[in-house]
Amino acid sequence: MIPRRTRLRPRPLLAATAGLALTAGLTLTGGGPAAARAADAGSTTVQPAGHTFAAKLNGSATFKAGSITITCTSSGSTPSGDTNRIPDAPGNTNPSGPVTMAISSPVYGDCTGSLPGVDISITTSGAWTVSMQNGSPITATLNAPAQGMVLKSSGLANCTVTAGPDGPTTIPTVFVNGTPSQLVVTDVAIPVKVEGGFGCPTTATTAVLNATYDITDVTNPSAQITVGG
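Rules used in this analysis
- Residues numbered from 1 in each chain as written.
- Predicted model: local features only at pLDDT ≥ 70, side-chain atom pairs only at ≥ 80, totals over all residues.
- Heavy atoms only, no water.
- Salt bridge = Lys/Arg side-chain N within 4 Å of Asp/Glu carboxyl O.
- Buried < 20%, exposed > 50% of the residue type's maximum accessible area, 1.4 Å probe, protein only.
- Helix = DSSP H or I, 4+ residues; strand = E, 2+ residues; numbered from the N terminus.
- Pairing = 2+ DSSP bridges.
- Core = buried A, V, L, I, M, F, W, Y, C linked by side-chain atoms within 4.5 Å.
- Contact = heavy atoms within 4.5 Å.
- 1 Å grid on protein atoms, 1.4 Å probe; cavity = no way out; pocket = protein on both sides within 12 Å on 5 of 7 lines; lining within 4 Å.
- Points joined across faces, edges and corners; volume = space filled by probe spheres on them.
- Nonpolar A, V, L, I, M, F, W, Y, C, P; charged D, E, K, R; others polar.
- pLDDT = per-residue confidence, 0-100.

### Concerning the pattern of salt bridges
All chains considered together, the criterion is met by two salt bridges. Two residues, arginine 85 and aspartate 88, come together in a salt bridge whose shortest N-O distance is 2.7 Å. Accessibility expressed as a relative area gives 44% for aspartate 88, which makes it partly exposed. Ionic pairing is found between glutamate 195 and lysine 193, a salt bridge with its closest N-O pair at 3.9 Å. With a relative accessible area of 39%, glutamate 195 lands in the partly exposed category.

Written out as structure tokens, the structure is:
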């Protein structure tokens, strides 16, 4: 995937850290209770089969790192090539687990915070996926590659912030069927690594994310993306 670059107006440093929060999460593990739950997962069907979809931020996303809270009002993921596409039938159904699809790496913008005079660039790269699992609640887990997002700031503070610095990461969300359907992220702790000099929050190792995304059908805008058994 070709890296995407988003250039923002001078904004607070931690607003950039916030952007990272959307794509980084808890490190995947191979065993224990999580693996047992995956083995017991029920049937999942994502509809409509073969349709493409987009994710767009509804309202604002907030990120808290230490005592600082930042807000972003622009974020999303849109189809490109084979990304953001529900598999054709019968691939849109898994009788004993989630349906996983490649997605375009999200982009971010319009972030505000408390440290002025900083210019920020965000680069996303690598293979991203979403795994949708029917249940109560329905879930849609975002899966990001190691170091899949890197942020650099310049100006009053010269910093580099890396999401998922030590390996592939996930961010758990709740999927709500509706018109449109939504992904809801609530108080998710996300690992980050911050490097740099004066003004860089180098002691921060996590950020907490809250956001809601509308999930819409691009192939047929009158249809709805839904997850069932």
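Next, the rest of the story.
### Some remarks on the pairing of strand E4 (residues 53–57)
Counted residue by residue, E4 has four buried out of five residues, so it is predominantly covered. Of the strand pairs in this sheet, E4 and strand E18 (residues 206–217) are connected by five bridges, and their pairing is antiparallel. The residue bridging phenylalanine 53 from the neighbouring strand is aspartate 217, located in E18.

### A short note on the sheet that holds strand E3 (residues 44–47)
Strand order in the open sheet formed by three strands is E7-E3-E19, and the pairing between neighbours is antiparallel. Two strands bound the open sheet, and with one partner strand each, they are strand E7 (93–94) and strand E19 (226–228). Here E3 runs beside E19; their pairing, made up of three bridges, is antiparallel. Considered in E19, the bridge of valine 46 is made with valine 227.

### Some points on the nonpolar core
Side chains of a nonpolar character, in soluble globular proteins, are inclined to be buried together. Phe53, Val130, Met132, Phe175, Leu209 and Ile215 are the most contacted members of the largest nonpolar core, which totals 38 residues. By residue number, the principal contributor to this core is strand E17 (residues 181–196), which donates six residues. Excluding residues that lie within four positions of it along the chain, isoleucine 215 makes contacts with Phe53, Ala54, Ala55, Phe175, Pro180, Ser181, Gln182, Leu183 and Ile225.

### Comments concerning empty space enclosed by the protein
For the structure shown, the criterion picks out one cavity of 30 Å³ or more. Quantified by volume, the largest cavity comes out at close to 230 Å³. Residue lining of the largest cavity: 20 residues in total, with Ala55, Ser77, Ile103, Leu142 and Leu183 positioned closest to the centre. Elements with a contribution of two residues or more to the lining of the largest cavity: E4, strand E6 (68–77), strand E11 (128–133), E17 and E18. Partitioned by chemical class, the residues of the lining of the largest cavity number 14 nonpolar, six polar and no charged.

### Examining unusual backbone geometry
A cis amide bond, omega 5 degrees, links serine 136 with the succeeding residue proline 137. Examined against the element boundaries, proline 137 turns out to sit in the loop between E11 and strand E12 (138–144). Residue proline 180 is bonded to the preceding threonine 179 through a cis peptide linkage, with omega at 0 degrees. You can see proline 180 is positioned in the loop between strand E16 (174–176) and E17. Backbone geometry places asparagine 84, a non-glycine residue, at a positive phi of 55 degrees. By the secondary structure assignment, asparagine 84 is in the loop between E6 and E7. Look at glutamine 147: it is not a glycine, yet its phi comes out positive at around 55 degrees. As for its position among the elements, glutamine 147 is in the loop between E12 and strand E13 (149–155). The partly exposed category is assigned to glutamine 147, whose relative accessible area is 45%.

### Quick word on the environment of threonine 71
In this structure, threonine 71 sits in strand E6. When its relative accessible area of 25% is taken as the criterion, threonine 71 is described as partly exposed. Residues threonine 71 and serine 60, spaced eleven residues apart in sequence, show a C-alpha to C-alpha distance of 6.4 Å.

### Quick notes on the confidence of the model for the protein chain
A residue-level look at the protein chain finds 76% of positions with pLDDT of 70 or above and a mean pLDDT of 79. Across residues 1–39, where pLDDT falls below 50, the model places 122 contacts with residues more than four positions away in sequence or in other chains.

### Considering the pairing of E18
Bridge count for E17 against E18 is nine bridges, and the pairing is antiparallel. Directly across from proline 191, in E18, lies its bridge partner threonine 206.

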